[in-house]
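What follows is the residue order along each chain.
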Amino acid sequence: MSFNNEKAILELDPWLEPFLPAIAHRHQSFTKWKNVIQDHEGGYDSFTKGFLKFGFNVREDASIVYREWAPNATEAVLIGDFNDWNRTSHPLKKDQYGVWETTLPPKSPGVCAIPHDSKLKISMILPTGERIERLPAWIQRVTQDLSVSPLYDARFWNPPSESRYVFKNKAPPKPRSVRIYEAHVGISSTEPKVATYKEFTANVLPRIKALGYNTIQLMAIMEHAYYASFGYQVTNFFAASSRYGSPEELKELIDTAHGLGLVVLLDVVHSHACKNVLDGLNLFDGSDHLYFHEGAKGRHELWDSRLFNYGSHEVLRFLLSNLRFWIDEYQFDGFRFDGVTSMMYVHHGIGTGFSGGYHEYFGGGVDEEGVVYLMLANDAMHTLFPNIITIAEDVSGMPLLGIPANIGGVGFDYRLSMAIPDKWIKLLKHASDDAWDMGDIVHTLTNRRHLEKSIAYAESHDQALVGDKTLAFWLMDKEMYTNMSDLTPMTPVISRGLALHKMIRLLVHTLGGEGYLNFEGNEFGHPEWLDFPREGNGNSYHYARRQWNVVDDHLLRYRFLNNFDAAMNRLEMERNWLDSPEAWVSLKHEGDKVVVFERAGLLFVFNFHPTNSFQDYRVGVDVAGEYKIVLSSDDKQYGGFENVDVNSKFLTTPLEWNGRKNWLQVYIPSRTSIVLAKV
C-alpha cells in the first residue's frame, strides 16, 4: 500500500483490511491530482482563486478583464446594456486551452466601461455557424423578473466603494460542539411572501442566538431556477440568490451572525446542476461535455439535472474555486455538502439499498472521481482554512467519510445521521407507544462509526416538506389547530404530543451524535408542513413561511417546546456532551420502556411508558456522590405537570447495578425525561 497508512486505517476499523487496495487506489488518485495542482497551478491557494482569473475582474485603473472557458466556440463577443447588445463591438480572443479573453479599458479615468448592475451576456458562434448566448459561468449576480420571464439576467456587480459592505466582526472560534440551526431565508417571515436577508438578520438571528444554537446552516443561497426546488437546482454557482436581496445584504447577515457568536455554513450543491441552458451551465459552449459528463452519464434521471465531470481539470478549478469564493467573498465558515451519496456512486443511490456490506463502498458501484473530488475539496479547504467545518449528507454509510484525506479518508468533519429521523417517523406512523422497542431505538442512535463524528437530528427540512409530516404534526395532527391554547383543556393528544416531542429531541441530542441539528421552526413544533408556491397550490405562499406568531403568543403551548429546546442547548453549552465520548447505556428496559445512560458526567433517565410512572426506580451510575436534577421535561415552563421535584437530591449506594459501580433511586413519571448531575 503506497500511502503507508494501513495501520492507521485498521486501527479505525479492522474490517477494512480486504479493501486496503481500493483505499490505496483512491488515495493514489487523490495524490496524483494534488501533485498536478501543485506542479502546474502553484498549489491549492492559487488554484482555488479561479474567480480572480475567470469571469469579470476590475483592475485598479478601472479596466475590466473578462475570461470564459468555452473551447467549442469559434467566435465570442461580450454583449450587454453597456454596448447596446452589439454583437461585433467587443470580441474576445481564444487561447490554446479554449479560454476566451477581452479587456475593456476605462470609460474615463477611474470609471468602468460597464456600469454597475447592468445586464450582459456572452454571445458565441459554434462550429455549425449557430449563434448561442449564455450567462457568464462565473457571474456573481443574476436577477429574475417573473413578470417578464422565469429566465435570469446576468448583471455586472461592481458597487461603488461607499455601497460595499465592510465586515466588522471576526468569525467566532470553531465550536467544540456544533448545535446547528438549519434555515431558509425565504420562508423566514410570518407573512406569505419571500423573506429577505435584511429581515432574517433583524428577526431570526436573535431567535437563533436566544435558543442556544451556535451554528447556522443556510439553505438555498446559491442561485437556483425554481423557488420550490428548495435551492437544489442551481443555475449560477457564484451568485447569491437575488430573491432575498443583494450580495451586500447577505454579507451583513453573516457579519451580524459572527457578532452574535454564530458560525455560518453554506448548504453547497456540487452534486448536480440545473439543466437550464439559457441561464445555467448546460450546453454552455454548445457541447454536451464542458462541465458535465456526456450523454446518460451526465444526467441524473430522478433529479432531471446535469452531473459534473469530476475528472476534468477545469471542472475541478470551477468547483474548488466556488468553495473558496463563498469563504473569501461572504465569510462563510464551512459547508454542508448536499447529495454526497449521488457523488460517490455511479448509480447515484438510485434503486439501491445499502446493506452495510463493505463491498458496496469499495466495489464497482463507487465513482472514484466523485470520491476524489470530495477528498480534494476537504483537503484544500481545511489546508487553506483550518477552522472551517464540512458536513456530508450521505445515506450510504461510507467508511472513512469523516477521516482526513491524507490518511485515506474523504475528509469531512461530520456526517449526517440520516437513519435517525427515519426511525422516528416509522415509529410514529406504524407502532403504538407500548410497542416501541427501546433496544432498537438506542441502536439506531448509537450505531455510528467510531472516531467519525456524526450530526444527529430528529427531523430536518426533509420531514417538513409537503407529503411528509413533522414530528409535532405526527404527534398532534389536527388538534394543533384547536387545543394548543392554555385556555383549552390539556387533552390526551396534546399532553402526549408535547411530552414525546421533548423526549425524542432530548434523546437524539444527548445520545445520537457529536453534533445536533434542528430545522427552522421545528424547535417549537411548527404547526404546518412546508410547501413552496407552485402551480399545484395556486402559487400560494401560505405554507412557505414560518409562523413565529404562534410561539410568540404567551397563551399558546408552542412556547413550552421552544423553552425546552433552549434549555437543552444551554445545558449542552455548559456540559459539552456533544464533544464528549459516546454515552454508556446501562439500561434498555423493554417492559418499563426506560432508557438510562451516562455521558459527559451526566445521568440521563427516559421513561417512554405511556401509562406507568415509577417510584424509587433504581438506576446505575459510575461515579459516586450526591446528584441533583438539572433538567426535567416535566417542568411547568416546558408544558409539564411538575410531578418531578427538581430540588430533590439523590445519594448513590456503592453497589453494582446494571454494570455500573453505584446506584441511586429516582421518581420517573410516565413520558418524562430527567437529567442529573453530580452536586
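Here the structure is shown first, and the text comes after it.
Bear in mind the structure is a predicted one, so any value in this text is a computation, not a measurement.

**What about the overall build of the protein?**
- A count of helices and strands for the protein gives 16 helices and 29 strands.
- Computed over its C-alpha atoms, the radius of gyration of the protein comes to 27 Å, within 12% of the 26 Å expected for a compact globule of 679 residues.
- A principal-axis box enclosing the C-alpha atoms of the protein has dimensions of 85 × 65 × 45 Å.
- The buried share among the 679 residues of the protein stands at 60%.
- Look at the contacts in the protein between residues 6 or more apart in sequence, and 71% of them connect residues 24 or more apart.
- In the form shown here, the protein has an accessible surface area of approximately 26,100 Å², with 51% of it arising from carbon and sulfur atoms.
- For the protein, the separation between the mean place of its 67 positive charges and that of its 85 negative charges on side chains is 2 Å.

**What about the sheet that holds strand β5 (residues 99-104)?**
- Spatially, β1-β2-β5-β4 is the arrangement adopted by the four strands of the open sheet, whose pairing is antiparallel. With one partner strand each, in any of the chains shown, β1 (55-58) and β4 (93-94) form the two edges of the open sheet.
- Looking at chain direction, β1 and strand β2 (residues 64-69) are connected through four bridges and run antiparallel. Bridged to Phe-56 within β2 is Tyr-66.

**Some thoughts on the packing of helix α10 (residues 419-430) against helix α11 (residues 438-446)**
- Direction vectors running N to C along α10 and α11 enclose 160 degrees, while the axes themselves pass 9 Å from each other. Taken together, the axes of α10 and α11 lie roughly antiparallel to each other. Read as a crossing pair, α10 and α11 show a hand that is left-handed. On α11, the residues that touch Ala-419, Ile-420, Lys-423, Trp-424 and Leu-427 of α10 are Asp-440, Ile-441, Thr-444 and Leu-445.

**Quick word on the packing of aromatic side chains**
- Counted by the stated rule, this structure contains 45 aromatic pairs.
- Taking 5.3 Å as the distance between ring centres and 10 degrees as the angle between the ring planes, the aromatic pair formed by Tyr-310 and Tyr-373 counts as stacked. Residue Tyr-310 is located in the loop between β16 (305-306) and α6 (313-330), and its partner Tyr-373 is located in helix α9 (residues 368-384); the two are separated by 63 residues in the primary sequence.
- Seen in terms of ring centroids, Phe-524 and Tyr-558 are 6.4 Å apart; in terms of plane orientation they differ by 90 degrees. Their pairing is edge-to-face. Here Tyr-558 lies in helix α16 (residues 558-575) and Phe-524 lies in the loop between β21 (515-519) and α15 (548-552), a separation of 34 residues in the sequence.
- A cation over an aromatic ring shows up here: Lys-469 above the ring of Trp-474, its NZ or CZ 4.6 Å from the ring centre.

**Section: the packing of helix α14 (residues 492-511) against α16**
- One way to put it is that α14 packs onto α16 with a least axis distance of 10 Å and a crossing angle of 20 degrees. Considering their axes alone, α14 and α16 lie roughly parallel with respect to each other. Two packed elements cross with a definite hand, and for α14 against α16 that hand is right-handed. Residue-level inspection shows Leu-498, His-501, Lys-502, Arg-505, Leu-506 and His-509 of α14 in contact with α16, the latter providing Leu-561, Phe-564, Asp-565, Met-568, Asn-569 and Glu-572.

**A closer look at the side chain of Thr-491**
- Relative to the helices and strands, Thr-491 resides in the loop between α13 (471-476) and α14.
- Residue class for Thr-491 comes out buried when judged on its relative accessible area of 16%.
- Not counting the four nearest positions on each side in its chain, Thr-491 is found in contact with Glu-479 and Asn-483.

**Some words on the pattern of salt bridges**
- Taken as a whole and assessed by the stated rule, the structure comprises 40 salt bridges.
- Of the charged contacts, one joins Asp-267 and Arg-336 as a salt bridge, the two residues approaching to 3.0 Å between their closest N and O atoms. With Asp-267 in strand β14 (residues 263-268) and Arg-336 in strand β17 (residues 334-337), this pair connects stretches of sequence that are 69 residues apart.
- Of the residues examined, Asp-267 reaches a relative accessible area of 3% and is grouped as buried.
- A cluster of three or more residues bridged by salt bridges with shared partners is formed by Asp-13, Asp-394, Arg-415, Arg-449 and Glu-452.

Basis of the calculations
- Residues numbered from 1 in each chain as written.
- Predicted model: local features only at pLDDT ≥ 70, side-chain atom pairs only at ≥ 80, totals over all residues.
- Heavy atoms only, no water.
- Helix = DSSP H or I, 4+ residues; strand = E, 2+ residues; numbered from the N terminus.
- Rg over C-alpha atoms; globule rule 2.2 N^0.38 Å.
- Buried < 20%, exposed > 50% of the residue type's maximum accessible area, 1.4 Å probe, protein only.
- Contact = heavy atoms within 4.5 Å.
- Areas by Shrake-Rupley, 256 points an atom, 1.4 Å probe, with all protein chains shown as cover.
- Lys, Arg positive; Asp, Glu negative; His and termini not counted.
- Charge placed at Lys NZ, Arg CZ, Asp CG, Glu CD.
- Pairing = 2+ DSSP bridges.
- Axes fitted to C-alpha atoms, helices over the stretch in contact; angles between N-to-C directions.
- Parallel < 35°, antiparallel > 145°, perpendicular 65-115°, else oblique.
- Left-handed = near helix turned anticlockwise from the far one by under 90°.
- Phe/Tyr/Trp six-rings, centres within 6.5 Å; stacked < 30°, edge-to-face > 60°.
- Lys NZ or Arg CZ within 6 Å of the ring centre and 35° of its normal.
- Salt bridge = Lys/Arg side-chain N within 4 Å of Asp/Glu carboxyl O.

These values are about where atoms sit, not about what they do.
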